[in-house]
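Secondary and tertiary structure notes
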Amino acid sequence: MDKQLPSRSENFSAWYNELIKRVGLAETSAVRGCMTIRPYGYAIWEKIQAALDSAIKDTGHENAYFPLLIPKSYFCKEAAHVEGFAKECAVITHYRLKTEEDNAIIVDPEAKLQEELILRPTSETIIWNSYRNWIQSYRDLPLLINQWSNIVRWEMRTRLFLRTAEILWQEGHTAHATQAEAEEETRKMLDLYADFGRDYLAIPFLKGRKTEYEKFSGAEETYTIEALMQDGKALQAGTSHFLGQRFAKAFDVKFTNAAGQSEYVWGTSWGVTTRFIGALIMTHSDDKGLVLPPRLAPIQVVIIPIYKTPANKTALHQQAQRLQEQLRENAITVKLDDREDHKPGWKFAEYELKGIPLRLVIGEEELANQSVTLSRRDTGERLTIPMDKAVEKITTLLADIQSNLYERAIQFREAHTCEVDDYDSFKAAIAKKAGFVLAHWDGSTETEQKIKAETQATIRCIPLDDNLSTPGKCIYTGNPSARRVVFAQAY
RNA sequence: CGGGGCGUGGCGAAGUCCGGUUAUCGCGCCUGCUUUGGGAGCAGGAGGCCGCAGGUUCGAAUCCUGCCGCCCCGACCA
C-alpha cells in the first residue's frame, strides 16, 4: 500500500475513493451498491444528525417513524411519483424461504405476497396515507413531522456516499392549511439546510429552484442546495419540495377550515442524506487526507507526547493527561495518543489523514519551557504557545479553522464561477470543468435536454436571492431569457 | 443490457502465454530487542482448497468447458 494518496489533480475520483477507504470512513459491502459505514464515518454522520436534528426540532418539527415497506398500491396513487421512481424500486414478492430435498434453500413459490411491497425510495405515500387519519380540522395543522430513516433506490452505478442503493437520510413531511404556508415551509427548510451547511459543514451552498426537468417526481416545485466540489463539478446536497395538493388529493387528505368547509391540505417534503459526507470530503480535503471542520470532527484535538529520555516519560505523560482533562472540561473532544508502537512521524501522518483539526505536541522542549506546539490541519501552520494558555488558544483556533474552511470554500467557488454569453464559450467552460457557469436559457425543457446531451452540463438551479435577473438571449436558441441560470457538470 | 478488464494469505501484486517438485514479493499481523520532533531497524514467526464446478494429463494457479462474483466505460439516475 502506498503511503501517499493519489493526488487530486491527477485523478480526483481515485483520490476520493482511496481517501474514504484509508481514513476508514466507509467501504463497499458484499451487497452490490450498498456501503458499510465504518465507525469513524458514522461518528461524523452522528455529529451531523445531532446538529441537524436539534435545528429541525427548534423549528417546531417532531420525529416519528414510518414503515420501510410500502404497498405497491400506495406507491402508485400519485402518477408522476411512480414514474420517477419506478425504474429504481426494489420489490418484495415473497415472504418465506424453504429447504428443498437436496438441502438447497429457495424462495417458497407458495409464499407469494398478494400485494407486492416496495422498499421505500422515499416515504411520501405511506406517510400521506397516515395523514388522512391524522388530519381532520385546521386545528390539526400544520403537521410538522420528520423521520430519520434509510431508503432504497436501485442505482445502476454507485459511489461511496454519493450514490448508493441504500441511503441514510432525514426526510421531513409537512401538511399545511394554505398554499402560502406550505411554500413558506419549503423555503424555510431550504434556508435551514443552507445555514447548517455554512455553520457546520463550512460549505457555501447555492440556493435555487430546480427546472421542470430536474425537479422531484411528485413536486410542484423543488428547491435545492448546490455546492461546488474541488474538481469543478456540482453536487446537489439537499432538496426541499413544495408538493402542492398532489399527495393530499392522491390520499384524500382533507381538513375542515374555520368556515366549516372541507379543503385539501398543502404539503412539503425535504431531505438530506449521508451525501453531506461526500460533500464534506470533496470540498475541504487535500492530498494528505481528510480535512474536517471542527464542529463536525469526532476528535477535535489529538495530543501526541514525544519521549526522548525515559526519565521524562512520566512527567510528559502526566502533563499530557492534564491537558486532556482541561480540554475535556471545556467541551473539546480530544484524544491522547501515547501508544509507543508508532513513532511521532507516523502519528502525524495518520491524524492528518484522519482530518483531526488540531494536533498538540508535547515533548522535551515543551516540558522544559512549559509550552505546547500546535499544528493546524487546514493550513499546516505550527505555533508554540505557553501551556497555561493552551485551552484558550485551542478554543479560538478551532473557531478560526471552522471559519477559514468556509472562507476558503467561498473563495474557491467565486474563482470557479463564470458568466458566458455564447454557446462556444459555454462548451469550452463546461469541458474544462470551470465550475458554475452562469448563462441565459430560454426556459424550455427541450433546450435543456439538448444542452445536456451535447455537453453533459445540466441546469443545477435557478438561483434565489441574486442579481442575475437581467434579461438576455438563450445561449443555445437565441430566444429571449428572463435571467441567467446555473449550469455545471454534476455528480 | 452492450463493450473492456480482473478474481492468487487481511490488502496490493508477480507467476498463467510456453503445465513440473516446497506458490513468490511488498504492505499489514504476531514475538523479542533496539528505537521515538515527519510514515523506525534487526531477528524470528503465523497465515493459501490460486473464485466455484467439471474435464484433459503421470502431474494444473497455469490448458479446455461451464458457472459465479467484482471493477471500469456506456445507457440510466439524488
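Residue indices begin from 1 for each chain and proceed along its sequence in written order. Chains and ligands are labelled sequentially in the order written, the chains with letters from A and the ligands with numbers from 1. The model is predicted, so local features are restricted to residues of pLDDT at least 70 and side-chain atom pairs to those at 80 or more, both for listing and for counting; the totals for chains, interfaces and linings are taken over all residues.

Considering the overall build of chain A
Definition in use: Helix and strand labels come from DSSP, where a helix needs a run of H or I of at least four residues and a strand needs a run of E of at least two; each type is numbered from the N terminus. Buried residues are those with 20 or more other C-beta atoms within 10 Å of their own C-beta, exposed residues have 12 or fewer, and partly exposed residues lie in between; C-beta atoms are placed from the backbone. What counts as a contact here is a pair of residues whose C-beta atoms, placed from the backbone, lie within 7 Å.
Scanning chain A from N- to C-terminus turns up 14 helices and 27 strands. In terms of its C-alpha atoms, chain A occupies a principal-axis envelope of roughly 80 × 70 × 55 Å. Taken over 491 residues, chain A has a buried fraction of 40%. Considering only intrachain contacts with a sequence separation of at least 6, the fraction spanning at least 24 residues in chain A is 68%.

So, the protein's contact with RNA strand B
Where we set the bar: Here, nearness is defined through the C-beta atom: a residue counts as near a molecule or strand if that backbone-placed atom lies within 6 Å of it. Note that Gly is not counted as nonpolar here; it falls among the polar residues with everything else outside the nonpolar set of Ala, Val, Leu, Ile, Met, Phe, Trp, Tyr, Cys and Pro and the charged set of Asp, Glu, Lys and Arg.
By nearness alone, 35 residues border RNA strand B, and K3, R32, G345, A349 and G363 come closest of all. Residue contributions to the surface near RNA strand B peak at 8 residues, all from helix α10 (residues 344-353). Broken down by class, the residue content of the surface near RNA strand B amounts to 12 nonpolar, 8 polar and 15 charged.

Looking at the domain arrangement of chain A
Accessible area lost during the coming together of the parts is what is often quoted as the interface size. So the rule is basically this: Those domain boundaries reflect an automatic or database domain assignment.
By the assigned domains, chain A splits into domain 1 (23-89 + 123-276), domain 2 (299-400) and domain 3 (417-488). Between the C-alpha centres of domain 1 and domain 2 there is a distance of 41 Å.

Concerning the sheet that holds strand β19 (residues 358-362)
Note the threshold: Between any two strands, at least two bridges found by DSSP are needed for them to pair. To obtain an axis, a line is fitted to C-alpha atoms, over the contacting stretch when the element is a helix, and the angle between two such axes runs from 0 to 180 degrees between their N-to-C directions.
With respect to topology, 5 strands assemble into an open sheet ordered β18-β17-β19-β20-β21, the strand pairing being mixed. Across the chains shown, the open sheet's two edge strands, defined by having one partner strand only, are β18 (334-336) and β21 (382-386). Each neighbouring strand pair of the sheet contributes to a mean axis angle of 25 degrees, computed without reference to strand direction. As paired strands, strand β17 (residues 301-305) and β19 are joined by 5 bridges and run parallel to one another. Counterpart to P305 in the pairing with β19 is I362. Contacts from helix α12 (residues 390-415) reach β17, β19, β20 (371-376) and β21 within the one sheet, and its direction differs from that of β20 by about 5 degrees.

Digging into the sheet that holds strand β5 (residues 91-94)
The sheet built from 3 strands is open, its strands ordered β4-β8-β5 with antiparallel pairing. Here the strands that pair on one side only, and so sit at the sheet edges, are β4 (69-71) and β5. Across the sheet, the axes of successive neighbouring strands diverge by a mean angle of 40 degrees, strand direction being ignored.

Focus: the environment of E350
Looking at where E350 falls in the secondary structure, it is placed in helix α10. Looking at E350, the number of C-beta atoms within 10 Å reads 17, which means it is partly exposed.

Some points on the confidence of the model for chain A
Stated precisely, the cut-off is as follows: pLDDT expresses, on a scale from 0 to 100, how confident the predictor is about each individual residue.
For chain A, the mean per-residue pLDDT works out to 93, and 99% of the residues sit at or above 70. Across the assembled chains, the prediction reports ipTM 0.88 with pTM 0.96.

A look at the pairing of β21
Here β21 lies mainly on the outside; 0 of its 5 residues are buried. Inspection of the sheet shows β20 paired to β21 by 5 bridges, in the antiparallel sense. Within the sheet, the bridge partner assigned to T373 lies in β21 and is T384. The turn joining β20 and β21, which pair antiparallel and follow one another in sequence, is formed by 5 residues; a positive phi near 80 degrees is taken by G380.

Comments concerning the environment of I459
Counting through the fold element by element, I459 comes out in strand β24 (residues 458-463). Considered as a pair, I459 and I127 are 332 residues apart in the sequence and their alpha carbons are 31 Å apart. In contact with I459, not counting residues within four places along its chain, are T211, E214, W441, E448, V485, V486 and F487.

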